[in-house]
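Per-entry structural report
Here are the chains, one letter per residue:
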2 protein chains.
Amino acid sequence: MEEHRLSLRMSTLVFTLSIIIIVLSYPAQPLALNHSPKFLGKFAATARTHSNSEPPPQFHYEKRYFQQRLDHFSFSELPTFPQRYLISTEHWVGPHRLGPIFFYCGNEGDIEWFAQNTGFVWEIAPRFGAMVVFPEHRYYGESVPYGSAEEAYKNATTLSYLTAEQALADFSVLITYLKHNYSAKDCPVVLFGGSYGGMLAAWMRLKYPHIAVGALASSAPILQFEDIVPPETFYDLVSNAFKRESFTCFNYIKQSWNEIASTGQTNNGLELLTKTFNLCQKLKRTKDLYDWAEAAYSYLAMVNYPYPAEFMMTLPEHPIREVCRRIDGGPAGTSILERIYEGVNVYYNYTGEAKCFELDDDPHGMSGWEWQACTEMVMPMSSSQESSMFPPYEYNYTSIQAECLKKFGVKPRPRWITTEFGGHDIHATLKKFGSNIIFSNGLLDPWSGGGVLQNISESVVSLVTEEGAHHIDLRSSTKNDPDWLVEQRETEIKLIEGWISDYHQKNEAMFDM
Amino acid sequence: MEEHRLSLRMSTLVFTLSIIIIVLSYPAQPLALNHSPKFLGKFAATARTHSNSEPPPQFHYEKRYFQQRLDHFSFSELPTFPQRYLISTEHWVGPHRLGPIFFYCGNEGDIEWFAQNTGFVWEIAPRFGAMVVFPEHRYYGESVPYGSAEEAYKNATTLSYLTAEQALADFSVLITYLKHNYSAKDCPVVLFGGSYGGMLAAWMRLKYPHIAVGALASSAPILQFEDIVPPETFYDLVSNAFKRESFTCFNYIKQSWNEIASTGQTNNGLELLTKTFNLCQKLKRTKDLYDWAEAAYSYLAMVNYPYPAEFMMTLPEHPIREVCRRIDGGPAGTSILERIYEGVNVYYNYTGEAKCFELDDDPHGMSGWEWQACTEMVMPMSSSQESSMFPPYEYNYTSIQAECLKKFGVKPRPRWITTEFGGHDIHATLKKFGSNIIFSNGLLDPWSGGGVLQNISESVVSLVTEEGAHHIDLRSSTKNDPDWLVEQRETEIKLIEGWISDYHQKNEAMFDM
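Residues numbered from 1 in each chain as written. Chains lettered and ligands numbered in written order. Predicted model: local features only at pLDDT ≥ 70, side-chain atom pairs only at ≥ 80, totals over all residues. Heavy atoms only, no water.

Topic: the overall build of chain A
Definition in use: Where helices and strands are cited, they refer to DSSP runs of H or I of at least four residues and of E of at least two residues respectively, numbered from the N terminus. Each residue is assigned to one of three classes by its accessible area relative to the maximum for its type, calculated with a 1.4 Å probe on protein chains only: buried under 20%, partly exposed between the two thresholds, exposed over 50%. Shrake-Rupley sampling with a 1.4 Å probe provides the accessible areas, and residues are treated as covered by the protein chains on show and by no other component.
Within chain A, the secondary structure is distributed over 18 helices and 11 strands. The 513 residues of chain A split such that 64% are buried. Of the accessible surface of chain A, which amounts to about 18,800 Å², a share of 51% is contributed by carbon and sulfur atoms.

Structural data, given as structure tokens:
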């Protein structure tokens, strides 16, 4: 295995305003939403550096590359690929003092974006004397096989090694290599991860217990498979996040879908919608508008942070509150569609810079997460007639399968994740085999419904915050942090300290023997 | 996944007398032995049905086939292959009474051979009301991809999916399917395995803890990797098994290698050796004779059972005792080579049926285990000048790698097993994450040196027998069983009963909730 160092190119991030909605056509259900699991969507993939704002000073790292096997579980002759990883040894106290290694399980996007949005790890590293490593997930960012993203995403054959198990093996091999390289064999590794990265961190504890001493798995919906949680969970939680701000707002949104549909069916209806929603190109079908609005609501629920943030888009504090304020607040006589436009505008154009909106600026339409959702990450999603503000939709595996075959030429394996990682009996499994895992979830986050929300054992614990959104605990601290968030992070730090001190004690005991 | 039933073709076993020694040439060390890890060698692969003797009446099973993916960890478009499995529901009390599923982790050979030589599982199944399943390991027996063994073993590309991780995934997928098919979702699965199969059973506990409730891993040298145990361990233990019978015998063997070498260097020396050892073809080089004798000693140590057995060869009780009796016992003036011939004859021709000996009857020379030893199962082996009766040999990874590249066109991954399954810290890992594993080892077995020989926790226990050989506990009981063996099996039964009763209690508690 070979490693290349790149000169440090300090970079910061801005998120393109381009809105990228995955347009899948459902001929049988023209008005259904695109109910594929939605983590960070293409935001992660399209995160770009930004020259306006300097990064927080603690984010110093080197970029390096490690040559990984494309298939860890066979001996096929395949090209290796360079896995990028960001590394900082600035605060590491070194192997002699058994300085810990903080290892973020990179998820579906550019690793620099995650590094910048995972300030918690950088902030606590000095306190722990820890090395910090952010490895990129294969097939994302620069860590693509076959020389380029274009080649890697060419077809089902080139994409076929984009799986969670391969990613976990990448992490394990990289950690083993780093420990060897830094003479850090006995240094404890602590895993971090948010969202899909949190799933990876938790699964690492089950699959590679010998590799790390613990994991903070933030907003990790490891139960969002098969029938473990009801398929309505996600959209119900999104809907609840609006309902709790304003029942009127919830109702306007719930009514809006029919308004859009009936408007779209009138003469010049699509033109009218194009104008009302200030779209750059003429709307081709109402479904595209559905998807655009649905994405806004779903992402809003995920990033419903109590302070202004720029995770996916530039947004105010409590963004759903602001959306509902605008939806509810128009003068008497404001139409539902105008209200919706005002609301969605908060998400897509809070800065006011957008002249008009592109519903889909990615004609290639092949993103890594879509592939993963079409292969292993089959997360059933329905929208309930009663409790959801979205158009009713019943999860239909057959149509998902047909879409995946059409789009990628691949057949999903909907039962594989639970076979490989468990799920139905996850409490029993974690209780007996898991240790040192924090499952943190904010109940505002629609992904929390697929998360582990109960303490499992003394060392597999659940931290649930009423007001938390998608892995808010992993973000940098701000002066606006509410008390519960400050406390949550302190609890996490104490738990991690406990893992490391346990480890040190056992290690010393071993040396004494 | 599709399943085909075959009509029950009851078959029994006989082992061909053909002696198959893997001939690797070590140009730089012409007199070194073939120090690749030696489990059952090709005996497993060449086990054939035999019409003379009927199988024990309790071995009733159906043969079925389950279509498995060739690569579980990618979405490459590859042909599926039929995994054969033997199944008996004769004594199963069914799903309503949560009848357990006894699942033998098939290892490197024809599964019928293992089924016949794992009488313990069949004998105890009625007592537990258990279903019995013996799945075949991929690439062995009839469970070969690409339509035929010839195609499957064609080259490194076709062989590349012969890995332990893929085999474990096969087992997990098959168990999940069987549970579904028999409405047996809540029925506890107990894993069994001997030798490499024991390693798989133990690793299943670490990698798929949600799939089974416990494992009996008999003679499973999961520590025989990298530098976890000294590389001299295996040959030292073989040597000790001879030394404990007779120091003279040990010494004759230790001296014999130079005798063979110096005889081979004389005029007509190879002819003389051919005659002395009653070989069918003229000996081409002394190394072949070395390997032939070394295999006999190593296998003898493995099957050094206290009663007559036919596991690999037809052998008397305490076969090493008999070998040494013959080596030591010749009249005064008997040469060392004559003594050695008499001794080795016990192993290769106890029945007296062989007219002459073939050193290598497999010119193709591609066996599954050789492939595994050249890829993942890199088990370092040395022979110590002081303590071993074999020619001194220092483990040399570079030459192993060169041989594997030459033979299969594949480069071994000597650190992969410990990255994937752990090893260096296996005690800590098993203590924290393992549960319900019995590691049983007989100290006469040379593989015991790489086994887990200490109790790890309350439920990860080690059963060590002074007089036991290679997974003797898994064999059918006989009227000649010594007391310690009867007791060992009783202990195993009690432990398994404990796992199942724990499981039932937890299951009921769950239902009560």
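Focus: unusual backbone geometry
Phi angles above zero are rare outside glycine, and A:Ser219 is one such case at about 50°. Counting through the fold element by element, A:Ser219 comes out in the loop between β9 (214-218) and α8 (233-243). Phi angles above zero are rare outside glycine, and B:His471 is one such case at about 30°.

Here's the deal with the domain arrangement of chain A
Residues and elements named next belong to chain A. Put simply, the test is: Domain segmentation is taken from an automatic or database assignment of domains. Note on contacts: a residue pair is in contact if any heavy atoms of the two residues lie within 4.5 Å. Throughout, buried area stands for the accessible area (probe radius 1.4 Å) lost by two parts on being put together, summed over both. A side-chain nitrogen of Lys or Arg and a carboxyl oxygen of Asp or Glu constitute a salt bridge if their distance falls within 4 Å. Classification used: nonpolar for Ala, Val, Leu, Ile, Met, Phe, Trp, Tyr, Cys and Pro, charged for Asp, Glu, Lys and Arg, polar for all others including Gly.
Structurally, chain A comprises domain 1 (60-224 + 415-510) and domain 2 (226-366 + 373-405). Each of domain 1 and domain 2 has a C-alpha centre, and the two are 31 Å apart. The interface is formed by 42 residues belonging to domain 1 together with 29 residues belonging to domain 2. In total, domain 1 and domain 2 occlude about 2,900 Å² of area from one another, counting both sides; carbon and sulfur atoms represent 65% of this. The largest per-residue losses of area from domain 1 upon contact with domain 2 belong to Gln224, Leu444 and Pro446, which jointly make up 24% of the total buried on that side. Along the contact surface separating domain 1 from domain 2 lie 1 salt bridge. The closest approach of N and O atoms between Arg244 and Glu467, which form a salt bridge, is 2.9 Å. Taken together, the elements giving at least two residues each to the side of domain 1 that touches domain 2 come down to α6 (164-181), α7 (196-207), α16 (416-421) and α18 (483-512). A per-class count over the side of domain 1 that touches domain 2 returns 20 nonpolar, 14 polar and 8 charged.

Describing the interface of chain A and chain B
Put simply, the test is: For the purposes of these results, a polar contact is taken to be a pair of N or O atoms within 3.5 Å, where, inside protein, one atom must be able to donate a hydrogen and its partner to accept one; residues adjacent in sequence count only when each atom of the pair is a side-chain atom.
Chain A puts 44 residues into the contact, and the matching count from chain B is 44 residues. Here chain A packs against chain B, burying approximately 3,700 Å² in sum over the two surfaces, 56% of which is carbon and sulfur. It is A:Phe73, A:Phe75 and A:Phe433 that lose the most area in chain A upon contact with chain B, and together they represent 23% of the buried surface on that side. Connecting chain A to chain B are 19 residue pairs in polar contact (both at pLDDT 80 or more). Going through the elements one at a time, α6, α7, α16 and α17 (426-433) of chain A are the ones with two or more residues in the side of chain A that touches chain B. Considering every element that reaches the side of chain A that touches chain B, the biggest residue donor is α6(A), with 7 residues. Within the side of chain A that touches chain B, the residues separate by chemical class into 14 nonpolar, 17 polar and 13 charged.

Details of the packing of α6(A) against α7(A)
Residues and elements named next belong to chain A. Inclusion rule: For helices, the fitted line uses only the C-alpha atoms of the stretch in contact; every axis is such a line through C-alpha atoms, and the angle between N-to-C directions lies from 0 to 180 degrees. Here is the rule for angles: anything less than 35 degrees is roughly parallel, anything more than 145 is roughly antiparallel, 65 through 115 is roughly perpendicular, and the remaining ranges are oblique. Note on convention: near helix rotated counterclockwise from far helix by under a right angle means a left-handed crossing. Clockwise means right-handed.
For the pair α6 and α7, the least separation of the axes is 10 Å and the interaxial angle reads 65°. The pairing of α6 with α7 is recorded here as roughly perpendicular in orientation. Both α6 and α7 take part in a crossing whose hand is right-handed. Counting all contacts with α6, which are made through Ala164, Leu168, Phe171, Ser172 and Ile175, the residues of α7 involved are Tyr196, Leu200, Trp203 and Met204. Here the residues of the contact of α6 with α7 are counted per class, giving 8 nonpolar, 1 polar and no charged.

Overview of the packing of aromatic side chains
The relation between two aromatic rings is expressed through the spacing of the ring centres and the mutual angle of the planes. Put simply, the rule reads: Aromatic rings from Phe, Tyr and Trp, with only the six-membered ring used for Trp, were paired whenever their centres fell within 6.5 Å, and each pair was classed as stacked if the ring planes differed by under 30 degrees, edge-to-face if by over 60, and tilted otherwise. By definition, being over a ring means that NZ of Lys or CZ of Arg is both within 6 Å of the ring centre and within 35 degrees of the ring normal.
In total, this model carries 75 aromatic pairs over all chains according to the counting rule given. When the centroid spacing of 6.1 Å and the interplanar angle of 25° are considered together, the rings of A:Tyr104 and A:Phe114 count as stacked. Pair noted here: A:Tyr104 is in strand β6 (residues 101-104) and A:Phe114 is in helix α2 (residues 111-116), with a separation of 10 residues, a long-range link. On the basis of relative accessibility, which here comes to 2%, the residue A:Tyr104 falls in the buried class. Ring geometry for B:Tyr299 against B:Tyr347: centres 6.3 Å apart, planes inclined by 15°, an arrangement best described as stacked. Of this pair, B:Tyr299 sits in helix α11 (residues 286-302) while B:Tyr347 sits in helix α13 (residues 336-348), and the two are 48 residues apart along the sequence. Judged on exposure class, the residue B:Tyr299 and its partner B:Tyr347 are both buried. Every member of this aromatic cluster is reached through a ring pair, and the members are A:Phe59, A:Tyr61, A:Tyr104, A:Trp113, A:Phe114, A:Trp122, A:Phe134 and A:Phe311. Between the NZ or CZ atom of A:Arg413 and the centre of the ring of A:Trp416, over which it lies, the distance is 4.5 Å.

Some points on the packing of helix α9 (residues 247-265) of chain B against α11(B)
Residue and element names in this part refer to chain B. Closest axis-to-axis distance for the α9/α11 pair is 10 Å, and the angle between their directions is 160°. Overall, the two elements α9 and α11 adopt an arrangement that is roughly antiparallel. The chirality of how α9 crosses α11 is right-handed. Touching Ile253, Trp257, Asn258, Ile260, Ala261 and Gly264 of α9 are Thr286, Leu289, Tyr290, Ala293, Glu294 and Tyr297, all from α11.

Observations regarding the pattern of salt bridges
Residues and elements named next belong to chain A. Evaluation of the coordinates by the stated rule reveals 42 salt bridges over all chains. Across the salt bridge formed by Arg127 and Glu490, the nearest N and O atoms sit 3.7 Å from each other. Of this pair, Arg127 sits in helix α3 (residues 119-128) while Glu490 sits in helix α18, and the two are 363 residues apart along the sequence. The class of Arg127 is partly exposed, set by a relative accessible area of 47%. Classification of Glu490 by relative accessible area gives partly exposed; the value is 30%. With a shortest N-O distance of 2.7 Å, Asp170 and Arg138 are connected by a salt bridge. Of the two residues, Asp170 is situated in helix α6 and Arg138 in the loop between β7 (131-135) and α4 (149-152); the sequence distance between them amounts to 32 residues. Owing to a relative accessible area of 0%, Asp170 belongs among the buried residues under this scheme. Overall, Arg138 belongs to the buried group, its relative accessible area being 0%. Salt bridges sharing common partners tie together Lys63, Arg84, Asp110, Glu112, Glu136 and Glu142.

A word on the relation of the copies chain A and chain B
As a reminder, the rule being used: Least-squares superposition of the copies uses the C-alpha atoms of those residues scoring a pLDDT of at least 70 in each of them.
For the match of chain A to chain B, the screw axis carries a shift of 0.0 Å, the RMSD comes to 0.0 Å, and the turn is 180°. A rotation of that kind, with that shift, is consistent with a two-fold axis. Closest to the rotation axis within chain A is the C-alpha of A:Phe433, separated from it by 2.3 Å.

Topic: the state of the cysteines
Selection rule: A pair of sulfur atoms, both from cysteines and within 2.5 Å, is called a disulfide here.
Evaluated as defined, the whole model comprises 6 disulfides over all chains. Each sulfur of the disulfide joining A:Cys374 and A:Cys404 lies 2.0 Å from the other. Handedness of the A:Cys374-A:Cys404 disulfide follows from its S-S torsion of about -80°: it is left-handed. One end of the pair, A:Cys374, is in the loop between α14 (368-373) and α15 (397-408); the other, A:Cys404, is in helix α15, with 30 residues separating them in the sequence. As far as burial versus exposure is concerned, A:Cys374 and A:Cys404 are alike and both buried. Cysteine pairing for chain A, with bonded cysteines counted in sequence order: 1-3, 2-4, 5-6. Summary of cysteine pairing: B:Cys105 is not part of a disulfide, and the nearest cysteine sulfur, belonging to B:Cys187, is at 18 Å. Overall, the relative accessible area of 0% leaves B:Cys105 in the buried class.

Considerations on the pairing of strand β10 (residues 437-442) of chain A
Residues and elements named next belong to chain A. Short version of the rule: Two strands are said to pair when DSSP picks up at least two bridges between them.
Within β10, 6 of the 6 residues are buried, which leaves it mostly tucked inside the rest of the structure. With burial as the criterion, each face of β10 is covered, one bearing Ile437, Phe439 and Asn441 and the other bearing Ile438, Ser440 and Gly442. Of the strand pairs in this sheet, β9 and β10 are connected by 4 bridges, and their pairing is parallel. Its bridge partner lying in β10, Ala217 is registered against Phe439. Strand direction decides the pairing type here: β10 and strand β11 (residues 460-465), joined by 6 bridges, are parallel. Residue Phe439 lies in a different strand from β11, and its bridge partner there is Ser462.

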